[in-house]
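Structural overview
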Amino acid sequence: MPVFHMDNRLWGSMDITQSFFETPAPARYKGILSWLITTDHKRISLMYLFSILFWFFLAILLGGLIRLELMFPGQTFVSAQVYNSLFTLHGVIMIFLFIIPALPAIFGNFFLPIQIGTDDVFFPKLNLLSWYLYMAGGIIAILSLFSDGFPDTGWTFYVPFSISTHTNVSTAVFAAFVLGLSSMLTGLNFITTIHRMRHSLMGWMQIPLFTWSLYATAWVQLLATPVVSITLLLVMVERYVGVGLFDPAKGGDPILYQHLFWMYSHPAVYIMILPGMGVISEIIPVFARKSIFGYKAIVASSMAIAVAGSLVWAHHMYASGMSDTAVFVFSLLTFVVAIPSAIKVFSWVSTLYKGAIQMAPPLFLSLCFIYLFSVGGLTGLVLGAAGTNIHVHDTHFVVAHFHFTMFGGTGFAFFAALHYWWPKMFGRMYNFKRAYIGAALLTGGFMFHYVPMFILGLQGMPRRYFDYLPRYETGNFLAGFGAAFMIIGMFLMIMNLLFTLRKPRNASSDPWGGTTLEWQTPSPPPLHNFISEPEILKYPYDFTGVVERYSKETKE
Amino acid sequence: MSSHSDESGKKLGMWLFLYTEIFLFGGLFVLYAVYFARYTSEFVAGGKELDQLFGVVNTVILLISSFAVAASITAVQRNQQKRTLAGLGVALICGLVFLINKYFEWSHKVANDIFPGSEKLAEGPEGQNIFFGLYYMITGLHSIHIIIGMVLLLVSLVCVKIEKITPTRFALLENSGLYWHLVDLIWIFVFPLFYLVV
């Protein structure tokens, strides 16, 4: 491996400057307090990293239990009631505590200020407050488990069941409300930072694509989250007071709840995927040693997804009894939103075409992302078309589809980002072989796990069911093995990364040969991010310098 | 590398926050729009039951308070501390009077057996129940915002007093003022939707 150095001299130097690990901010606090009341965006990012990983693994465990229960027909080891709680908790934790905050709160916090050449976010204290709100949301979610039984509504909290069930829905809903506030404040912070703190030499068309994707995401966070906040508050009010706004017996309309809920929750899936697309747009050009294909098209498509994605919410409701006109309009808009996503996939593939590809774990995961996300996107069209939707509505086909996009998409982008930026965040390079094995197990297990679900769905197996007919036995049995491979693969990858923390720092400032500003600073970066004024490239993905350095080195 | 006393940046952040508030109320206004289309006659009948005098008085009170806040921001820029304090004081008193009015209005309704879950609403037409349900939800949420706005104004007032807010650094006061204007603006929409819907 000539390119990815553990200890090289040519590819940036191992600076002896104190990193942010050694310099707390504010400086007067030591030990644990230097983390808990820090305003340093990098420390806050790491606090997010470890708290989010905790929830992620808990939710993986819950998901594993669901599949284990479904491997055999009838009751295997949990009751139907516990099963309902399992899929509710799996969904709520994965969505509100992992997938929405994962990329913006961890990698956005760490790299957004660095990529635009500044020293922190615009509101550092608000940033810390967002982390505390995140933790508070998590704790409230835990509390909801220990009184009146586990919530069993599914993550969508559909009325009338969410209002009439005796389990502790109010607390769970309130947790989601607090987490929404946290995500909204992060978005607000990012928009202000990008507008007000960008390096004076960096124009809008010189911003790295990951930051661009965060910008688009932040707008969706800001504009969509309040709608779900009020909807969730209404669920609480209905439970405590019983106004009847969604109760047909009192003149209300339960379908309106679904509209309000999806007005946020569909844009929210773009909150989940947009930063993931940003990560892939960063990784592909670096390992192809070639400028990204269609920079402006990727920027424009991010913004287009943010806009068009806000107009498609009712495609979750084709079977709810909406008017045919509404079904037609939302079906059409859903097809429109596929276009900007496809533009991105074309851009990534075109970037690889005739590039000088250097394989590394981040690129491997990104390639898996492109494949899995494309499958997820195309099956999304099956669901977006009103006719086919009716056939597979609320079946395992839907489950497989959104796991392909959310897990195969955002989840893989999360792992890719973790492997891409780990040397920068912690200053340590990891073992490639173990990373490859873990990623291969994850991808293989993923296919083995979710492809049977597509077939089960087409055969008509409903989602969220505790038991099933004998003809669905084979598919469910096989999917269970896929789940096991996936969990082992993820565990291996994370352990591989965590093990590096015991070793001394060995990563150079630019181990991959990247062009964005984070590779101009030592790994890990110093407190104020840069030692000297960063050099802003005219075009953020200009690899001429990188290729020169690389060819010089291979000659030696 | 960065200037942390970027006053217009702070204002940008506040404007973004105000958007989220508008969307928060927006969800309720969507409900209003849908149910108004469905139960127009009941909504009109419900509007007649509300006391327009209360509504008008509260609207005027909020307009005066908004003026007072705007005046205090002008005053702080001209380094007139007393006028700044007076403006904020007037706005706070207006907010308090608004809440007292609201209290009497609500308790009058409750005394007439009009509140969520009451027998009168349960037995009356469905549209009436929805109208008053929305009335309590929207004016209730708005009153909570009045309280938050008053806290912000009070904090600003203290900061002016101890001279933490100065003619060159007054983003906190300006942002609290923006928030107050927003709360005011929302009322300008709530008022006709409930009191003048005839």
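On a predicted model such as this, the values are computed, not experimentally measured, just so you know.

**Some details on the interface of chain A and chain B**
At the interface, 40 residues of chain A touch 32 residues of chain B. Both sides of the chain A and chain B interface together cover about 2900 Å² of buried area, and 75% of this is carbon and sulfur. At the junction of chain A and chain B, the tally comes to 2 salt bridges. Linking Arg196(A) and Asp6(B) is a salt bridge whose minimum nitrogen-to-oxygen distance equals 2.8 Å. Where chain A packs against chain B, one counts 8 residue pairs in polar contact (both at pLDDT 80 or more). Elements represented by at least two residues in the side of chain A that touches chain B include exactly α6 (169–197), α7 (209–240) and α8 (254–288) of chain A. For the side of chain A that touches chain B, the element with the most residues is α7(A), which contributes 9 residues. Classifying every residue of the side of chain A that touches chain B by side-chain character gives 26 nonpolar, 10 polar and 4 charged.

**Here's the deal with the packing of helix α3 (residues 80–115) of chain A against α6(A)**
All names here are of chain A. For the pair α3 and α6, interaxial distance at closest approach is 11 Å and the crossing angle is 25 degrees. On the basis of their axis angle, the class for α3 and α6 is roughly parallel. For the element pair α3 and α6, the recorded crossing hand is left-handed. Across from Phe 96, Leu 97, Ile 100, Pro 104, Gly 108, Asn 109 and Leu 112 in α3, the residues of α6 making contact are Ala 176, Leu 179, Ser 183, Phe 190, Thr 193 and Ile 194. Partitioned by chemical class, the residues of the contact of α3 with α6 number 9 nonpolar, 4 polar and no charged.

**Some thoughts on helix α16 (residues 544–555) of chain A**
Residues and elements named next belong to chain A. Taking 1.5 Å as the rise per residue, α16 with 12 residues should run 16 Å; its terminal C-alpha atoms sit 17 Å apart, in good agreement. Those residues of α16 that fall on the buried side of the exposure criterion are Val 546, Tyr 550 and Glu 553. Along α16, the residues classed as buried sweep out an arc of 65 degrees about the axis, all on the same side. Counted as exposed and oriented over 90 degrees from the buried face of α16: Glu 548, Lys 552 and Lys 555.

**Looking at the nonpolar core**
Across soluble globular proteins, nonpolar side chains show a tendency to be buried alongside one another. Among the nonpolar cores identified, the biggest contains 235 residues, and Phe107(A), Phe369(A), Phe414(A), Trp421(A), Trp512(A), Leu31(B) and Phe194(B) are the most heavily contacted of them. Ranked by the residues each element gives to this core, the list is headed by α3(A), at 22 residues. Those residues within four positions of Phe414(A) in sequence are excluded, and the remaining contacts are Leu53(A), Phe56(A), Phe98(A), Ala102(A), Leu103(A), Ile106(A) and Phe107(A). In terms of nonpolar packing, the next biggest core, distinct from the first, is built from 6 residues, Leu133(A), Ile140(A), Ala141(A) and Val178(A) among them.

**Observations concerning the pattern of salt bridges**
The final tally for this structure, using the stated rule, is 9 salt bridges over all chains. Lys42(A) serves as the salt-bridge partner of Asp40(A), at 3.2 Å between the closest nitrogen and oxygen. Residue Lys42(A) is classed as buried on the basis of its relative accessible area of 0%. One salt bridge connects Lys11(B) with Glu174(B), and the closest N-O pair in it is separated by 3.3 Å. Residue Lys11(B) is found in helix α1 (residues 7–38), and its partner Glu174(B) is found in helix α7 (residues 171–195); the two are separated by 163 residues along the sequence.

**A look at the confidence of the model for chain A**
Taken as a whole, chain A shows an average pLDDT of 91; of its residues, 97% reach a score of 70 or greater. When the criterion is pLDDT under 50, residues 5–15 of chain A qualifies, and its contacts beyond four places in sequence or with other chains add up to 30 contacts.

**Notes on the packing of aromatic side chains**
All names here are of chain A. The tally for this structure, following the rule as stated, stands at 75 aromatic pairs over all chains. Consider the rings of Phe 246 and Tyr 257, whose centres lie 5.6 Å apart with planes at 80 degrees: the pair is edge-to-face. Here the residue Phe 246 occupies a position in the loop between α7 and α8, and Tyr 257 occupies one in helix α8, the gap between them amounting to 11 residues. Of the residues examined, Phe 246 reaches a relative accessible area of 2% and is grouped as buried. For Tyr 257, a relative accessible area of 0% gives the class buried. When the centroid spacing of 5.2 Å and the interplanar angle of 65 degrees are considered together, the rings of Tyr 420 and Trp 519 count as edge-to-face. With Tyr 420 in helix α13 (residues 396–426) and Trp 519 in the loop between α15 (473–499) and α16, the pair connects residues that are 99 residues apart, well separated along the chain. Trp 519 matches Tyr 420 in its accessibility class, with the two residues each being buried. Geometry around Trp 204 places Arg 198 over its ring, the cationic atom sitting 4.4 Å from the centre. Positioned above the aromatic ring of Tyr 550, the side-chain terminus of Arg 289 is 5.8 Å from the ring centre.

**What to know about the environment of Phe364(A)**
Residues and elements named next belong to chain A. Relative to the assigned elements, Phe 364 resides in helix α11 (residues 361–384). Along the primary structure Phe 364 and Ala 439 are separated by 75 residues, whereas in three dimensions their C-alpha atoms are 7.9 Å apart. Here Phe 364 is in contact with Met 359, Tyr 436, Ala 439 and Ala 440, once residues within four sequence places are set aside.

Definitions and cut-offs
Residues numbered from 1 in each chain as written. Chains lettered and ligands numbered in written order. Predicted model: local features only at pLDDT ≥ 70, side-chain atom pairs only at ≥ 80, totals over all residues. Heavy atoms only, no water. Contact = heavy atoms within 4.5 Å. Buried area = accessible area lost by both parts, 1.4 Å probe. Salt bridge = Lys/Arg side-chain N within 4 Å of Asp/Glu carboxyl O. Polar contact = N/O pair within 3.5 Å; in protein donor to acceptor, adjacent residues only side chain to side chain. Helix = DSSP H or I, 4+ residues; strand = E, 2+ residues; numbered from the N terminus. Nonpolar A, V, L, I, M, F, W, Y, C, P; charged D, E, K, R; others polar. Axes fitted to C-alpha atoms, helices over the stretch in contact; angles between N-to-C directions. Parallel < 35°, antiparallel > 145°, perpendicular 65-115°, else oblique. Left-handed = near helix turned anticlockwise from the far one by under 90°. Expected span 1.5 Å × (residues − 1). Buried < 20%, exposed > 50% of the residue type's maximum accessible area, 1.4 Å probe, protein only. Arc of directions from axis to C-beta. Core = buried A, V, L, I, M, F, W, Y, C linked by side-chain atoms within 4.5 Å. pLDDT = per-residue confidence, 0-100. Phe/Tyr/Trp six-rings, centres within 6.5 Å; stacked < 30°, edge-to-face > 60°. Lys NZ or Arg CZ within 6 Å of the ring centre and 35° of its normal.

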